[in-house]
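Take a look at the letters that make up each chain.
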Amino acid sequence: MAATGVTIGWAAYAAIATFDIAHGFDARYVALSWLTLATPLRPLTIIGYAAAIILLARPGGWLTTRVSAAGRMAFSNYLGTTLICTTIFYGYGFGLYGDLSRAQLYLVVVPIWLLMLLWSKPWLDRFRYGPLEWLWRSLSRFAWQPMRGSAFTASR
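These numbers come from a predicted model, not from an experiment. (Residues numbered from 1 in each chain as written. Predicted model: local features only at pLDDT ≥ 70, side-chain atom pairs only at ≥ 80, totals over all residues. Heavy atoms only, no water.)

Moving on: the packing of aromatic side chains. Per the counting criterion, the structure on display carries seven aromatic pairs. Geometrically, the ring pair formed by Tyr-90 and Tyr-92 is edge-to-face, given 6.4 Å between the ring centres and 85 degrees between the ring planes. Given the relative accessible area of 49%, Tyr-90 is considered partly exposed. Among the residues examined, Tyr-92 registers a relative accessible area of 55% and is labelled exposed. Linked through ring pairs, Trp-119, Trp-123 and Phe-127 together constitute an aromatic cluster. (Phe/Tyr/Trp six-rings, centres within 6.5 Å; stacked < 30°, edge-to-face > 60°. Buried < 20%, exposed > 50% of the residue type's maximum accessible area, 1.4 Å probe, protein only.)

On to helix H4 (residues 62-72). Here H4 has its buried residues at Arg-66, Ala-69 and Ala-70. Along the axis of H4, the buried positions cluster into a sector of 100 degrees, meaning they face one direction only. (Helix = DSSP H or I, 4+ residues; strand = E, 2+ residues; numbered from the N terminus. Arc of directions from axis to C-beta.)

Have a look at this one:
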């Protein structure tokens with residue numbers, strides 16, 4: 001379902017876009033193509049997306065374990081993302097605020113997402129908490145919390 005829905009949908013959308021480009025984005029052709037031709041394709045494409053999400057979100061799959069680990073380290077990931085993005089966009093860093101197009105922002109967002117997904121699970125395989133989660137727990141409980149040991153075995 002995922003492969004069929006997404007493949008047919010994307011191929012049809014590409015054909016519709018080619019049709020619109022060939023007609024110079026004339027409003028009549030855009031209305032015909034996106035309101036009339038694309039409408040019956042949307043349910044099939046949406047079913048393809050939903051099937052792909054279901055496949056990616058299987059319990060114990062790569063994505064679910066990585067997202068789970070990133071969620072367990074939300075505080076560390078949030079502050080890490082803040083440091084990275086302020087360095088990229090604020091004046092004390094590269095000062096790129098307002099300079100990047102929406103398309104260029106994907107070159108910032110996607111690597112940051114991947115970084116969070118890639119570093120969180122290996123960290124939690126070795127330690128019980130993220131670094132800032134450990135500090136927060138230790139300070140709120142007025143005692144240093146144990147840090148060594150996998151978060152996944154400690155929580156079971």
